[in-house]
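Below are the chains, spelled out letter by letter.
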Amino acid sequence: MTQFCSKYKPECFADIKGQEQAIEKIQFFFKNFPKKKALILHGPAGTGKTSLAYVLAKETNSEILEINASDLRNKENLSRVIGEASKQESLTNKNKVLLVDEVDGISGYYDKGGMNELISLIEETNFPIVMTANDIWNKKFSELRKKAELVELKELSYRTISEILKKIAEKEKLELTPDILASVAVKARGDVRAAMNDLQSIDQETKHEDIGERDKEEKIFNVLRQVFKNMPNAEMLGLYDKTNMSLDEIFLWIEENIPLEYKGEELAKAFNALSLADVFRGRIHRQQHWRFLIYQNLLLSAGVSASKKNARTGFTMYKRPSRILKIWMINQKNKYKKSIAIKYARFCHVGVKRAMQEFFLIKNHINNEEMIRKLRLEEDEIEFLKS
């Protein structure tokens, strides 16, 4: 069966939803080449970085040559594979685009000059070089950033993803309720590729509360059983490494399920361990004291586990945290509020802090077609204004 990601990959810029600002910058870059010879598309996984590079090639009638940077960790390989291609004319197309995918992988202990060679190739190339990266802000990329135009691909809103899924479901004749589609979209957390994979894996009997990161949740259920059922041991400190969840997410799972396992004095001790873990978490976020991470980890695992007097047996049906979705939805709203405030502050020459503080007044003032056009608000920002 053809994967939805391949079957419904974008063929033109109009097919790409929620990245209008990025597309505008990409078109400007190509039009003004060689003012800048390289472009870096950066942003979270599943936001369409590689797809955009291929669409750029199609829209400009260009041949595309893709190289995965993680396979080209040294100067000789980069020069051999990209060097000649960056200078030779395309045999089949008018233009050529060189795509260096996952450029994050090129700089490391074993790169043997690969980054310096890539910078040299950018300076010498006759064709645009497009690079993709999840995180381009590492100091190792400081010189590379100076040589390239940076274009950020934002995490897609659940509304945008839901619309994409709706169109796919209609084409595939999937009779899924709006609740199912919305749930898939929300739990994908901005990753449209993951959402499409989830959509393909569900059936019409699926309930919206059953959708989500099933593998991840299976792992966290096993981890919770070890914390709540077993007494603390030497292996417990590395317990959370077995799941790909962040400690912030794990914190919410522990908080939600402590009352299901502990009562009375044990309950008080468990929540005390959790509160101390939260103290260290706050110090880490505020002061960037990452040495406290081991204490936060210890309290969330062995600390909570040691709150009981004896090991437990029997089955407990652990619950998903009710706060995760609420926090995510609030963060989405705050994200649009801030992005609008930044645009308003730039337009009116006032501070962003002031724009945020007075947003309840600003919101009514800019909620009209003229101001929306002047501020160049995007679809999600407009919808937030009207909500």
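Every residue gets a number counted from 1 within its own chain, in the order that chain's sequence is written. pLDDT decides what is reported in this predicted model: residues at 70 or higher carry local features, side-chain atom pairs at 80 or more are listed and counted, and totals for whole chains, interfaces and linings draw on all residues regardless. Side-chain metrics in this entry use all non-hydrogen atoms of the structure; hydrogen atoms and water are not considered.

**Considering the environment of Gly-314**
Part 1: Each helix is a run of H or I in the DSSP string that is no shorter than four residues. Each strand is a run of E no shorter than two, and both are numbered from the N terminus. Topologically, Gly-314 is positioned in the loop between helix H13 (293–305) and helix H14 (323–348).
Part 2: The rule is simple: take the accessible area with a 1.4 Å probe, protein chains only, and divide by the maximum for that residue type; under 20% is buried, over 50% is exposed, in between is partly exposed. A relative accessible area of 58% means that Gly-314 is categorised as exposed.
Part 3: Taking the C-alpha atoms as reference, Gly-314 lies 8.6 Å from Lys-229; in sequence the two are 85 residues apart.

**What to know about the packing of helix H7 (residues 158–171) against helix H8 (residues 178–187)**
Part 1: The convention used is that axes are lines fitted to C-alpha atoms, helices contributing only their stretch in contact, and that angles between N-to-C directions extend from 0 to 180 degrees. Running from amino to carboxyl end, H7 crosses H8 at an angle of 130 degrees, the nearest separation of the two axes being 8 Å. In terms of axis orientation, H7 runs oblique to H8. Note that H7 runs across H8; the crossing there is right-handed. Across the interface between the two elements, Tyr-158, Ile-161, Ser-162, Leu-165, Lys-166 and Ala-169 from H7 touch Leu-181, Ala-182, Val-184, Ala-185 and Val-186 from H8.
Part 2: Note that Gly is not counted as nonpolar here; it falls among the polar residues with everything else outside the nonpolar set of Ala, Val, Leu, Ile, Met, Phe, Trp, Tyr, Cys and Pro and the charged set of Asp, Glu, Lys and Arg. Residues belonging to the contact of H7 with H8 are distributed by class as follows: 9 nonpolar, 1 polar and 1 charged. Roughly parallel here means an angle under 35 degrees, roughly antiparallel means over 145, roughly perpendicular means 65 to 115, and every remaining angle is called oblique. Helix crossings get a hand from a simple test, with the near helix turned counterclockwise from the far one by less than a right angle marking a left-handed crossing and a clockwise turn marking a right-handed one. Contacts: residue pairs with any heavy atoms within 4.5 Å of one another.

**What to know about the confidence of the model for the chain**
Part 1: As a per-residue measure, pLDDT tells how confident the predictor is, with possible values from 0 to 100. For the chain, per-residue confidence averages 83 on the pLDDT scale, and 85% of positions sit at 70 or higher.
Part 2: The lowest-confidence element of the chain is helix H4 (residues 75–83), averaging 68 in pLDDT; the highest-confidence one is strand E1 (residues 38–42), averaging 95.
Part 3: Confidence drops under a pLDDT of 50 for residues 204–210, and excluding neighbours within four residues, the segment shows 12 contacts in the predicted structure.

**Looking at the nonpolar core**
Part 1: Buried Ala, Val, Leu, Ile, Met, Phe, Trp, Tyr and Cys residues that are joined via side-chain atoms within 4.5 Å together make up what is termed a nonpolar core. Core analysis: the biggest nonpolar cluster contains 29 residues, and Leu-224, Phe-228, Tyr-240, Ile-254, Ile-258 and Val-304 have the highest contact counts within it.
Part 2: Among the elements of the structure, helix H10 (214–229), helix H11 (247–261), helix H12 (264–287) and H13 are those that each provide at least two residues to this core.
Part 3: In this structure Ile-258 touches Phe-228, Leu-267, Ala-270, Phe-271, Leu-274 and Val-304, once residues within four positions along its chain are discounted.

**Brief notes about helix H9 (residues 192–201)**
Part 1: Residues Val-192, Ala-195, Met-196, Asp-198, Leu-199 and Gln-200 constitute the buried set of H9.
Part 2: Elements in contact with the buried residues of H9: helix H1 (4–7), H7 and H8.
Part 3: A 3.5 Å cut-off defines polar contacts: any pair of N or O atoms within that distance qualifies, except that in protein one atom must be a possible hydrogen donor and the other a possible acceptor, and neighbouring residues in sequence count only when both atoms are side-chain atoms. Where H9 starts, the residue carrying a side-chain oxygen 3.1 Å from the main-chain nitrogen of Arg-193 turns out to be Asp-191.

**Considerations on the packing of aromatic side chains**
Part 1: When the centres of two rings from Phe, Tyr and Trp lie within 6.5 Å, Trp using its six-membered ring, the rings pair. Their planes under 30 degrees apart give stacked, over 60 give edge-to-face, and anything left gives tilted. Counted under the stated rule, the structure contains 10 aromatic pairs.
Part 2: Here Phe-221 and Trp-253 contribute two aromatic rings whose centre-to-centre distance is 5.5 Å and whose plane-to-plane angle is 80 degrees, an arrangement assigned as edge-to-face. Highlighted residues: Phe-221 in helix H10 and Trp-253 in helix H11, separated in sequence by 32 residues. Neither Phe-221 nor Trp-253 differs from the other in exposure class; each is buried.
Part 3: We count a charge as sitting over a ring when the NZ of a lysine or the CZ of an arginine lies within 6 Å of the ring centre and within 35 degrees of the ring normal. The aromatic ring of Phe-251 is capped on one face by Arg-281, whose charged end is 4.0 Å from the ring centroid.
Part 4: For Lys-363, the ring lying beneath its charged end belongs to Phe-384, and the centroid distance is 5.4 Å.

**Re unusual backbone geometry**
Part 1: Residue Pro-34 is reached from Phe-33 by a cis peptide bond, and omega for that bond is 10 degrees.
Part 2: Within the secondary structure, Pro-34 is located in the loop between helix H2 (20–31) and E1.
Part 3: Located in the positive-phi region is Asn-61, a residue other than glycine, with phi close to 55 degrees.
Part 4: Within the fold, Asn-61 resides in the loop between helix H3 (49–59) and strand E2 (62–68).
Part 5: In this structure Asn-61 comes out as partly exposed when scored by relative accessible area, which is 47%.

**Comments concerning the pattern of salt bridges**
Part 1: A pair is scored as a salt bridge if a Lys or Arg side-chain nitrogen falls within 4 Å of a carboxyl oxygen belonging to Asp or Glu. Tallying each qualifying case throughout the model produces 15 salt bridges.
Part 2: We note a salt bridge from Glu-123 to Lys-147, for which the minimum N-O separation is 2.8 Å. Linking Glu-123 in helix H5 (residues 114–124) with Lys-147 in helix H6 (residues 142–147), this pair joins segments that are 24 residues apart in sequence.
Part 3: For Glu-123, a relative accessible area of 43% gives the class partly exposed.
Part 4: Overall, the relative accessible area of 30% leaves Lys-147 in the partly exposed class.
Part 5: Across the pair Glu-265 and Lys-269 runs a salt bridge whose closest N-O atoms are separated by 3.5 Å. Taken together, the residues span about one helical turn, with Glu-265 and Lys-269 both in helix H12 at a distance of 4 residues.
Part 6: The exposure class assigned to Lys-269 is partly exposed, which follows from its relative accessible area of 44%.
Part 7: Three or more residues are tied together by salt bridges with common partners; here these are Asp-248, Asp-278 and Arg-281.

**Digging into a nonpolar patch on the surface**
Part 1: A cluster of nonpolar side chains, contributed by Leu-237, Ile-294, Tyr-295 and Leu-298, occupies part of the molecular surface with about 360 Å² of accessible area.
Part 2: Along the chain, Tyr-295 falls in helix H13. Residues qualify for a patch when their relative accessible area is over 30% and they have no salt bridge, like charges being joined within 9 Å and the nonpolar side chains of Val, Leu, Ile, Met, Phe, Trp and Tyr within 5 Å. Here the accessible surface of atoms and residues is derived via Shrake-Rupley with a 1.4 Å probe, and residues count as covered only by protein chains that are part of the display.

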